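# Structural characterization, general
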Amino acid sequence: MSLTLHDITVTLGRGDSRTTPLRALDAEFPAGRLTALTGPSGSGKSTLLAVAGTLLRPDSGRVLLDGADLTALAPSARARLRREQIGYVFQSGNLLTGLTALEQLLSAASIAGWPARTVRGRARQLLTDVGLEHRVHHRADTLSGGERQRIAIARALLLEPALLLVDEPTAAVDRTQAAALAALLADTTRRQGCVTVVATHDPVAEAAADRVLDLAALRAEAPATP
Ligand code: ADP
Ligand code: MG
């Protein structure tokens, strides 16, 4: 399993706000490795994750997961792939209103076809792993931004995705928590053999990565605008 982005160009916005965050980008992400995707704010990190996670269709180029072109999938196949194979952690956490931390994990599992009783133990363990054992039965919408994002990370890990995409996981937590989260993501990646891409500008998260891909450097290598 590996993720390949081939000749990806993305243009966003219109008129004055039109930008091309990714231009003729080529990148390869091996399985079992955590890649830290770095670059200054606005360099296209979140855009790259959205393209890799099939949430955003590039203007051109191909996204290959284990050789299969994800940009060629029908919408229903793409949705299924996202549900079953892709763990996507948005910077905002993207949790469901009204559910507790544990319920967030169990409902995602259920949607992916895993009955709650088969995953409850692991769900609780993962919430402990992200430092939320004291928040298991708290409603997620009453928790802090950092806690919400940690729930989202636990939720993504529960489904053992082939592709794990995480946007700025350590931005809203203290330094000790950041190191623990980065280590958890790195350990899980090596143990489960998934392709993991973490967008970050946090040296703590970079330090836990197996490799660092600097988008600003890649951009400098790309062909100039015609
Ligand atoms: P990063 O995650 O590295 O901070 P982003 O991928 O979020 O960068 O954004 C890359 C560039 O694309 C930025 O200049 C941003 O302003 C622009 N951008 C992002 N989303 C949109 C949008 N929906 N419309 C117009 N421009 C956008
Ligand atoms: Mg971003």
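Residues numbered from 1 in each chain as written. Chains lettered and ligands numbered in written order. Predicted model: local features only at pLDDT ≥ 70, side-chain atom pairs only at ≥ 80, totals over all residues. Heavy atoms only, no water.

## Looking at the sheet that holds strand E6 (residues 86–89)
With parallel pairing, 5 strands are arranged side by side in an open sheet as E6-E7-E8-E3-E9. Each edge of the sheet is formed by a strand with only one pairing partner; in this case those strands are E6 and strand E9 (211–214). Neighbour-to-neighbour, the strand axes of this sheet turn through a mean angle of 15 degrees, independent of strand direction. The pairing of strand E3 (residues 34–38) with E9 spans 4 bridges and is classified as parallel. Of the residues in E9, the one forming a bridge with Leu37 is Leu213. Strands E6 and strand E7 (163–167) of the sheet are contacted by helix H5 (residues 145–158), whose axis makes an angle of about 175 degrees with E6. The strands touched by helix H6 (residues 175–192) within the sheet are E3, E7 and strand E8 (195–199), with E3 carrying the most contacts at an inclination of about 135 degrees. (Pairing = 2+ DSSP bridges. Helix = DSSP H or I, 4+ residues; strand = E, 2+ residues; numbered from the N terminus. Axes fitted to C-alpha atoms, helices over the stretch in contact; angles between N-to-C directions. Contact = heavy atoms within 4.5 Å.)

## A short note on the site of ligand 1
Near ligand 1 there are 13 residues, and of these Gly42, Gly44, Lys45, Ser46 and Thr47 occur at the shortest range. Contact distances for ligand 1 include 3.1 Å between an oxygen atom and a backbone N or O atom of Gly44. Within the side chain of Thr47, an N or O atom sits 2.5 Å from an oxygen atom of ligand 1. Where the shell around ligand 1 is concerned, the elements lending two or more residues are strand E2 (19–30) and helix H1 (45–52). The biggest single contributor to the shell around ligand 1 is H1, with 3 residues. Partitioned by chemical class, the residues of the shell around ligand 1 number 3 nonpolar, 9 polar and 1 charged. (Near = heavy atom within 4 Å. Polar contact = N/O pair within 3.5 Å; in protein donor to acceptor, adjacent residues only side chain to side chain. Nonpolar A, V, L, I, M, F, W, Y, C, P; charged D, E, K, R; others polar.)

## Examining the sheet that holds strand E4 (residues 60–65)
Taken in spatial order, the 4 strands line up as E2-E1-E4-E5 in an open sheet, and their pairing is antiparallel. One side of each edge strand has no neighbouring strand; the edge strands of this open sheet are E2 and strand E5 (68–69). Two strands pair when backbone bridges link them, and E4 and E5 are joined in this way by 2 bridges, in the antiparallel orientation. Looking at E5, one finds that Leu65 is bridged to Ala68.

## Points about the pairing of E4
In this sheet, E4 lies alongside strand E1 (residues 2–12) in antiparallel orientation, the contact comprising 5 bridges. Following the sheet pairing, Thr9 is matched in E4 by Ser60. Linkage of E4 to E5, two consecutive antiparallel strands, is achieved through a turn of 2 residues, within which Asp66 is found at a positive phi near 55 degrees.

## Section: the confidence of the model for the chain
Overall, the prediction assigns the chain a mean pLDDT of 93, with 98% of residues at 70 or greater. Per-element averaging of pLDDT across the chain places helix H8 (residues 215–221) at the bottom with 81 and E8 at the top with 98. (pLDDT = per-residue confidence, 0-100.)

## Section: the pattern of salt bridges
In this structure the tally under the stated criterion is 6 salt bridges. For the salt bridge of Glu147 with Arg135, the shortest nitrogen-to-oxygen distance reads 2.9 Å. Here the residue Glu147 occupies a position in helix H5, and Arg135 occupies one in the loop between helix H4 (116–129) and H5, the gap between them amounting to 12 residues. Residue Arg135 is classed as partly exposed on the basis of its relative accessible area of 22%. Its salt-bridge partner being Asp141, residue Arg139 comes within 3.1 Å of it at the nearest N-O pair. Given a relative accessible area of 41%, Arg139 falls into the partly exposed group. Since its relative accessible area comes to 31%, Asp141 is described here as partly exposed. (Salt bridge = Lys/Arg side-chain N within 4 Å of Asp/Glu carboxyl O. Buried < 20%, exposed > 50% of the residue type's maximum accessible area, 1.4 Å probe, protein only.)

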